[in-house]
Amino acid sequence: MNRDNIEALIVRYLNKETSAEENLLVEKWLADNGNADPDWQKLDRTDKDQWLSDVLVEIKDTIKQNSPQVIPLASRKYLWYKIAGVAAVLIVSFSLYLGWPLLENQILSGSLASISIPDHQQKQITLADGTTVWLNAGAELRYPKVFNDDSREVYLSGEAYFDVQHDAAKPFLIHTGDVVTRVLGTAFNIKEDKKKHTLEVTVTRGKVSVADDGKLLSILTANQQISLDLLSRKAAEKTVDARSVIAWQENDMLFDDVTFAEAATQLEQHFHVKITFKNDKLKDCRFSGTALKGDKLDDILDVICGFNNSTWQRSSRNHITINGEGCN
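Scope of this entry: the structure provided in the associated data block. (Residues numbered from 1 in each chain as written. Predicted model: local features only at pLDDT ≥ 70, side-chain atom pairs only at ≥ 80, totals over all residues. Heavy atoms only, no water.)

A word on unusual backbone geometry. Not every positive phi belongs to a glycine, and Asp 213 is a case in point at roughly 55 degrees. The exposure class assigned to Asp 213 is partly exposed, which follows from its relative accessible area of 28%. One non-glycine residue with positive phi stands out, namely Asn 223, at about 70 degrees. Relative to the helices and strands, Asn 223 resides in the loop between strand E14 (215-221) and strand E15 (224-229). (Buried < 20%, exposed > 50% of the residue type's maximum accessible area, 1.4 Å probe, protein only. Helix = DSSP H or I, 4+ residues; strand = E, 2+ residues; numbered from the N terminus.)

Counting residues in each nonpolar core, the largest one holds 30 residues, and the members touching the most others are Leu 127, Leu 135, Leu 141, Val 154, Phe 162, Phe 172 and Phe 188. The element that contributes the greatest number of residues to this core is strand E12 (residues 198-205), accounting for 3 residues. Those residues in contact with Phe 188 that sit more than four places away from it in its chain are Ala 160, Tyr 161, Phe 162, Val 164, Ile 174, Thr 181, Val 183, Thr 202, Val 203, Thr 204 and Val 208. Counting 19 residues, the second-largest nonpolar core is a separate cluster that includes Phe 277, Phe 287, Ile 304 and Cys 305. (Core = buried A, V, L, I, M, F, W, Y, C linked by side-chain atoms within 4.5 Å. Contact = heavy atoms within 4.5 Å.)

Spatial ordering of the open sheet is given by E4-E5-E8-E11-E12-E15-E16, a layout of 7 strands whose pairing is antiparallel. Each end of this open sheet is capped by a strand with a single partner; those strands are strand E4 (123-126) and strand E16 (235-239). The average angle at which neighbouring strand axes cross in this sheet is 15 degrees, direction not considered. Taken together, the 5 bridges between strand E8 (residues 159-163) and strand E11 (residues 187-193) define a ladder with antiparallel strand orientation. The residue of E11 that forms the bridge with Tyr 161 is Asn 189. (Pairing = 2+ DSSP bridges. Axes fitted to C-alpha atoms, helices over the stretch in contact; angles between N-to-C directions.)

A separate point is the sheet that holds strand E18 (residues 274-277). Read from one edge of the open sheet, 3 strands run E18-E21-E20, paired in mixed fashion. Looking along the sheet, the strands with just one partner apiece sit at the ends: E18 and strand E20 (310-316). Taken over all neighbouring pairs, the strand axes of this sheet differ in orientation by 25 degrees on average, direction set aside. Relative to strand E21 (residues 319-324), E20 is paired through 6 bridges, and the arrangement is antiparallel.

Tallied over the full model, the rule gives 6 salt bridges. Of the charged contacts in the structure, one is a salt bridge between Arg 152 and Asp 129, with a shortest N-O distance of 2.5 Å. In this pair, Arg 152 is assigned in strand E7 (residues 152-157) and Asp 129 in the loop between E4 and strand E5 (132-135), connecting sequence segments 23 residues apart. Pair check on accessibility: Arg 152 and Asp 129 agree, each one buried. For Asp 298, the salt bridge identified is with Arg 314, shortest N-O distance 2.6 Å. Taken together, the residues span a long stretch of sequence, with Asp 298 in helix H9 (residues 297-307) and Arg 314 in strand E20 at a distance of 16 residues. (Salt bridge = Lys/Arg side-chain N within 4 Å of Asp/Glu carboxyl O.)

Read these as geometric descriptors, not functional statements.
Written out as structure tokens, the structure is:
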């Protein structure tokens, strides 16, 4: 979370638009940066907001500078006299920029339930609001056991398919690093690939907005996908067949005008095998078809090789070799 996000969070706090977890973040930060005096907890929300408004002005002035600065805190009512004896300065740029992400993770990790999916497994869960989530192998989801706030927020690492229960009064937000996907009620897939440093959001039904570090990237509808390079932060949007993207959670594989190489990758991921081509020309052969739930790998390979004028053989238990002349 960068400094602009922190400023925005404080503004939302003052407008009473933050969640319970975000309120904890703001007040914990205040306690750690010059408000350790126990009298702070005795103030009502109005007095806290007044003091925080003054701090926000100082933060904005400091962020405009290129180097960290030390900002003295002026005395404010009876509490600020005591605070001056505890912490006379507020190192805004340094403590906010470096300390906030760690503080955020510490608070969130303590207030959310968590589920991690082992390799080669998948799991379906239902959240408290009725939203259904299918988690792919290696995924991790952190979520509240009960959604008590004005929004429903969860934190995802890896790949998951969401079918969100509609609630116009409580938007559903999925945090994947700095990327936030916001919906009211819809179905979509999020895939974070840490090896390739990419993140994809694909909509199967409804409408979602996708933002990166507070910047709106796109508003997607059915069969639209946005892909974000997590290193360059560049995004690309395209139209896709959403059924093929979510086939993993249905245990079906949809091959819609794909290359033999692309199909081989799907088969490798689904059956946990290694597939190689003796003739590279085969990799560019294109075809369409569907492998249904329960189909055996041998049967699927027989059909695909039949389409592409090729043969296959198993050189070991987990290694398949494809041979043929290739396509014109």
